[in-house]
Amino acid sequence: GTSWQTIEGDSSANHIYGVCTYASVNPASLCQSAPSSPVHHYQLAYASQALTCQAQTVTVSACADAACSTRYTSGTSSLAVSPGGSAISFVGSTTTNIAVRSAQTVSLAVSNASPAAVNATLCSIDGGTPSSNCNLTFAYSGLLVQAPDLIAGKADTLTVTAVRTSDNSASCVPAFAKVSRPVQFWSTYVSPNEGSSPVLLGGSAISGNRGSPTTLTLNFNASGQAPLLLNYADAGQVQIDARYVGSSASGDVGLTMDGADTFISRPYGLHLSTDASCSAASVAGCTVLRAAGDSFQLRIRAVAWQADGEPRTAAKLADNPSTPNFRLSDIAVASTLVAPAGGDNGSLSRASCPVSDSPTSCDLSESEVGVFTISATPPSGGYFGYTVDGGQSDLVGRFTPAYLGASASAQLTPACGTFSYQQQEIGFATGQAPLLTVTGYNRQGGVTRNYDRGDFWRLSA
């Protein structure tokens, strides 16, 4: 008749919480409550490339949930990142530097943390999925790859710098100067982890396979730097790796220098379209799209850049290339009444649409009668810390009532006070002449306020 149940264990504190031996015994008399902490876990984020001649920057976050989507900000966290890190205090997240002066692989760890985390430290390397792998390799020499974040389709300059640790100090000095060297490149999709668009360096598409890299000849200046134009036509997070392998022709057989960096590519805007669009905001210019309250599809397509200053309207973005790797939830959508003038704006059936693939379709309904435009607005800072510009549709509609309701009223007045003779003319009571009331309704039974305005009233006067 025994019943064993382990609720939670904490070996670091040399005791176990929640082990009860007999089901008949009150657990509260045997079991000690586990301590609570506002920090779910601490998370470290850093680049995989590290050099002995410079400190490595590490982003430290106090995570309030398993996904680290929220940070602990109700108080100050204090800790040290070892090896080589000094004690730091912060709220939510911060950066710290780790310096290791000899070539080796180290394992980063959090020490003396307050408040203590409930779970073990996780590490995100090169923007990848956080895991328990917190290794970091420091090398005497390497290629510093500095890839700028992009607007999809718009090129910017990537810089590769060949550096090594100085013979006389711990500082970095150029490994190459005023020479040309072959450097291998390849790219990796990070988020999402698949795609079809290649990364372009210097106008050439580089390999997406580590086993068969693309070799480009770089011209290093006196500072050991070689610039290249970087372009990527899609959206997402991508990593670029670079490797130099020495040769007898260069007199550096056995030398290998690696480098890597990630960049974010974001869409230029969102192209919005529906099943039909209007040539003019009028009854004559718009055929019936749907009844008010009936579902229709809004198609959202994230697009790449084509020209600076291009308006983010449906007409202007229609020929912009798509960025199929764009993913973002909770894109706010809203409608604005264009016609009839002075009417009720109504509302859409939902406030936001997710984009899990581009293009994507979002089912909506409009509560009112009329012609509208629809806007889509991504959340501020919601795309890898960037705010993606949204877009506006062409004229959408015309929306009509789903059905009409009719009611009538009238009241007679007796000709002789309280009665009337047969065949005697009987008049209507004052203000009670026959009245016909016609009301437009949407599919959900709500009254449409715009049906009796101007040309949208479809009955003869």
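Please refer to the structure placed before this passage.
Scoring rules and cut-offs
Residues numbered from 1 in each chain as written. Predicted model: local features only at pLDDT ≥ 70, side-chain atom pairs only at ≥ 80, totals over all residues. Heavy atoms only, no water. Helix = DSSP H or I, 4+ residues; strand = E, 2+ residues; numbered from the N terminus. Buried < 20%, exposed > 50% of the residue type's maximum accessible area, 1.4 Å probe, protein only. Contact = heavy atoms within 4.5 Å. Areas by Shrake-Rupley, 256 points an atom, 1.4 Å probe, with all protein chains shown as cover. Lys, Arg positive; Asp, Glu negative; His and termini not counted. Charge placed at Lys NZ, Arg CZ, Asp CG, Glu CD. Pairing = 2+ DSSP bridges. Axes fitted to C-alpha atoms, helices over the stretch in contact; angles between N-to-C directions. Disulfide = S-S within 2.5 Å.

J.: Provide a residue-level description of the overall build of the protein, including the pertinent values.
T.: Helices and strands together make up the secondary structure of the protein, namely 1 helix and 36 strands. For the protein, buried positions account for 39% of its 461 residues. Put simply, 67% of the contacts in the protein that link residues at least 6 apart link residues at least 24 apart. When the accessible surface of the protein is summed, it comes to about 22,900 Å², and 48% of that surface belongs to carbon and sulfur atoms. Between the centroid of the 21 positive side chains of the protein and the centroid of its 29 negative side chains there is a distance of 5 Å.

J.: Lay out the pairing of strand E17 (residues 179–191) in plain terms, naming residues and giving numbers.
T.: Sheet topology note: the E17/strand E20 (residues 214–220) ladder contains 7 bridges and is antiparallel. The residue of E20 that forms the bridge with Phe185 is Thr214.

J.: Explain the sheet that holds strand E6 (residues 77–82) residue by residue, including any values.
T.: In space, the 3 strands of this open sheet follow the order E7-E6-E10, with antiparallel pairing throughout. Two strands bound the open sheet, and with one partner strand each, they are strand E7 (87–90) and strand E10 (109–114). The mean inter-strand angle of the sheet, taken between neighbouring strand axes irrespective of direction, is 30°. Relative to E10, E6 is paired through 4 bridges, and the arrangement is antiparallel. Residue Ala80 lies in a different strand from E10, and its bridge partner there is Ser111.

J.: Lay out the state of the cysteines in plain terms, naming residues and giving numbers.
T.: Counted by the stated rule, this structure contains 5 disulfides. Across the disulfide from Cys123 sits Cys134; the S-S distance is 2.0 Å. Between Cys123 and Cys134, the S-S torsion sits near 100°, and that sign places the bridge as right-handed. One end of the pair, Cys123, is in strand E11 (residues 122–125); the other, Cys134, is in the loop between E11 and strand E12 (135–139), with 11 residues separating them in the sequence.

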